[in-house]
Amino acid sequence: MLKWYKEAAKNSDVVISSRVRLARNLKKYPFSIKLNDQQANQLVQEVREAGKVLETQTDNRYNSCNVNVLSEIDKTAMVERHVISPLLVEKEQSTGLILSEDEKVSIMINEEDHLRIQSVTGGMNIGEAFKTANLVDDIANELFDYAFSEKYGYLTSCPTNVGTGMRASYMVFLPALTVAGRIAKLAEELGKYGIALRGTYGEASKSFGSIYQISNQKTLGSTEKEIIEKLNGIVEQVMRQERKQREYLLINSYDELEDKVYRSYGILKYAKQVSSSDAMSLLAQLKLGIDMELIHVGQNYNVHELMMEIQPGNLQYQLDKAISCTQRDKFRADYIRQKLPNIV
C-alpha cells in the first residue's frame, strides 16, 4: 500500500502533509507520568489488543508492537517518517504502537498521554485526516472508558491539551520565506492567533530543508471544527505569502535562482558523499526548482519521498544494519544518484 508521503496531493508545492492528533487517557489508570512499570505494561498490552478490532471495523490492516524493545534503527526510522514522536522513543517504561499498513494511522501508547491517535494525509487535506482520526477515536471509545469531564472535556497529562485534546497541524515547505529571513517574524505573527510554527519534527526541533510544522496551540474552549477552520485560514495566508515571495524571486533573481537549482541537481547527481543536512538543503533547492518549473524532469517526481528515505535511520533500516556516519554519507550519495530523475 502507498504510504502517505508517496501519494500525489493537493497544494503539495507548499503543504506537504496534514495531521490530526488526539490525546486520550483511560480513566482506570493514572496519567502516564504517574504509572508504575506494572501498570505501564498492562496498559500497553490492553490497548494493543484494540488493533484487532480496528481491522474488523475499518478498511485498513494494522500491526502492533512494543516500541521500547525495538532496535534504535527501527525507532529512529519511525521518528523520521513521523510515525512516532521523539518523546515516545525516550521513555524508559513500556510503550506501544498500533500502526496501519499505509502509515496513515498510528496510535502511540503511553507517550505523554495513554493514547495519541494520529492520522496523516499528504498535501492540504486536514478534513480527511480528522475524519479518519475521529473514526479510530470512536472505535477506541467503545473499547475503553476515557477520562472525560463535562466541564473541561478530555482530561490530559498536559493542561494545554485539555478540552478537545486535538492538535491539528500542517507540514509546510517554505524555502522562499526562509531565504528572505521572514520565518522568525512569521512565527511571531502566528503566535498572536494561538498558532505555533515549529521545526520539522515539532516542538524544540530545527527545520531541515525549509520544512516546518504549523499547528494550533489552544484546545480548550473551541470545537474541533473551529480549530480546523482557523488553522486552514492561517495556512492559506502562509501559502499565499510563500508563493508571492517565490514570484518575487523569479522576477528579481531568476538567473541566480536557476543556477542554484541546477548546481544542487549536479551535486546530488555526482557527489560521492553527502551528509543528511546537506542532502536536505540540496533536495529543497531541487523541489523548489521543480515546483517553480525552473528545471524539468521526466516524470511527476516526489522530492519529499526521497527526503524521507535518505534520513539516517531510514537508510540504515534499508540496509538492516548500523553503519558509521561516513558509510552513511557514501550510501546516501549512491542512493540519491539512483533515485534522481533525468532532466528533460
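Below is a summary of the structure that appears in this document.

Calculation criteria
Residues numbered from 1 in each chain as written. Predicted model: local features only at pLDDT ≥ 70, side-chain atom pairs only at ≥ 80, totals over all residues. Heavy atoms only, no water. Helix = DSSP H or I, 4+ residues; strand = E, 2+ residues; numbered from the N terminus. Rg over C-alpha atoms; globule rule 2.2 N^0.38 Å. Buried < 20%, exposed > 50% of the residue type's maximum accessible area, 1.4 Å probe, protein only. Contact = heavy atoms within 4.5 Å. Areas by Shrake-Rupley, 256 points an atom, 1.4 Å probe, with all protein chains shown as cover. Lys, Arg positive; Asp, Glu negative; His and termini not counted. Charge placed at Lys NZ, Arg CZ, Asp CG, Glu CD. Salt bridge = Lys/Arg side-chain N within 4 Å of Asp/Glu carboxyl O. Core = buried A, V, L, I, M, F, W, Y, C linked by side-chain atoms within 4.5 Å. Pairing = 2+ DSSP bridges. Axes fitted to C-alpha atoms, helices over the stretch in contact; angles between N-to-C directions. Polar contact = N/O pair within 3.5 Å; in protein donor to acceptor, adjacent residues only side chain to side chain. Phe/Tyr/Trp six-rings, centres within 6.5 Å; stacked < 30°, edge-to-face > 60°. Lys NZ or Arg CZ within 6 Å of the ring centre and 35° of its normal.

Topic: the overall build of the chain
Secondary structure summary: the chain contains 13 helices and 10 strands in total. On C-alpha atoms alone, the chain measures out to a radius of gyration of 21 Å, which is about the 20 Å that the 2.2 N^0.38 rule sets for 344 residues. Considering the chain as a whole, with its 344 residues, one finds that 52% of them fall into the buried category. Long-range pairs, those at least 24 residues apart, make up 71% of the contacts in the chain with a sequence separation of at least 6. As presented, the chain carries roughly 16400 Å² of accessible surface, and 48% of it is formed by carbon and sulfur atoms. Counting 43 positive and 45 negative side-chain charges, the chain places the averaged centre of each group 2 Å from the other.

Re helix 3 (residues 72–80)
Of the residues making up helix 3, those classed as buried are Ile73, Lys75, Ala77, Met78, Val79 and Glu80. Where helix 3 is buried, its residues contact helix 4 (86–90), strand 3 (96–100), helix 11 (303–309) and helix 12 (312–319). Positive phi shows up at His82, right after helix 3, with a value of about 65°.

Some thoughts on the pattern of salt bridges
Evaluated as defined, the whole model comprises 18 salt bridges. A salt bridge links Arg246 to Asp13, with the nearest nitrogen and oxygen atoms 4.0 Å apart. Residue Arg246 is located in helix 8 (residues 224–252), and its partner Asp13 is located in the segment before strand 1 (15–24); the two are separated by 233 residues in the primary sequence. As a salt-bridge pair, Asp145 and Lys27 come within 3.7 Å of each other at their nearest N and O atoms. Linking Asp145 in the loop between helix 5 (126–143) and strand 6 (148–149) with Lys27 in the loop between strand 1 and helix 1 (37–48), this pair joins segments that are 118 residues apart in sequence. You'll find Asp145 and Lys27 in the same group, each marked exposed. Each member of the salt-bridge network shares a partner with another, and the members are Asp13, Glu242, Arg243 and Arg246.

Quick look at the nonpolar core
If you look at the biggest cluster of nonpolar residues, it comprises 50 residues, and the most contacted ones within it are Leu174 and Ile214. The biggest single contributor to this core is helix 8, with seven residues. Those residues in contact with Leu174, other than ones at most four positions away along the chain, are Val14, Ile183, Leu186, Ser210, Tyr212, Val238 and Glu242. Counting residues in each nonpolar core, the second largest holds 37 residues, with Tyr5, Phe173, Leu306 and Ala333 among its members.

Some remarks on the sheet that holds strand 3
Paired through their backbone hydrogen bonds, the strands of a sheet run either parallel or antiparallel. With antiparallel pairing, the eight strands of this open sheet are ordered in space as 2-3-4-5-1-8-10-9. Every interior strand has two partners, whereas the edge strands, strand 2 (62–66) and strand 9 (195–198), have only one. In this sheet, adjacent strand axes meet at a mean angle of 20° when their direction is disregarded. Along the sheet face, helix 8 touches strand 1, strand 8 (166–173), strand 9 and strand 10 (211–216) and points at about 10° away from the line of strand 8.

Some remarks on the environment of Gly51
Structurally, Gly51 is set in helix 2 (residues 50–57). By relative accessible area, which is 9% here, Gly51 ends up buried. Along the primary structure Gly51 and Ser100 are separated by 49 residues, whereas in three dimensions their C-alpha atoms are 9.0 Å apart. Residues in contact with Gly51, not counting those within four places in the same chain, are Tyr62 and Ile98.

Side note on the pairing of strand 8
In terms of burial, strand 8 is largely enclosed, as eight of its eight residues are buried. Of the two faces of strand 8, the one lined by Met166, Ala168, Tyr170 and Val172 and the one lined by Arg167, Ser169, Met171 and Phe173 are each fully buried. Pairing of strand 1 with strand 8 involves seven bridges; the strand directions are antiparallel. Looking across to strand 8, one finds that Ser18 is bridged to Tyr170. Relative to strand 10, strand 8 runs antiparallel, the two being bridged by five bridges. When the bridges of strand 10 are listed, Tyr170 appears paired with Ile214.

Points about the side chain of Asn216
Locating Asn216 in the fold gives a position in strand 10. A polar atom in the side chain of Asn216 sits 2.7 Å from the backbone nitrogen of Ala168. Among the polar contacts listed, one links the side chain of Asn216 to the backbone oxygen of Lys218, at a separation of 3.0 Å.

Topic: the packing of aromatic side chains
The final tally for this structure, using the stated rule, is four aromatic pairs. Here the aromatic rings of Phe148 and Tyr154 are separated by 5.0 Å at their centres, their planes lie at 70°, and the arrangement is edge-to-face. Pairwise contacts between aromatic rings join Tyr146, Phe148 and Tyr154 into one cluster. The ring centre of Tyr154 lies 3.5 Å from the NZ or CZ of Arg24, which sits over that ring. Sitting above the plane of the Tyr317 ring, Arg81 keeps its charged end 5.9 Å from the centroid.

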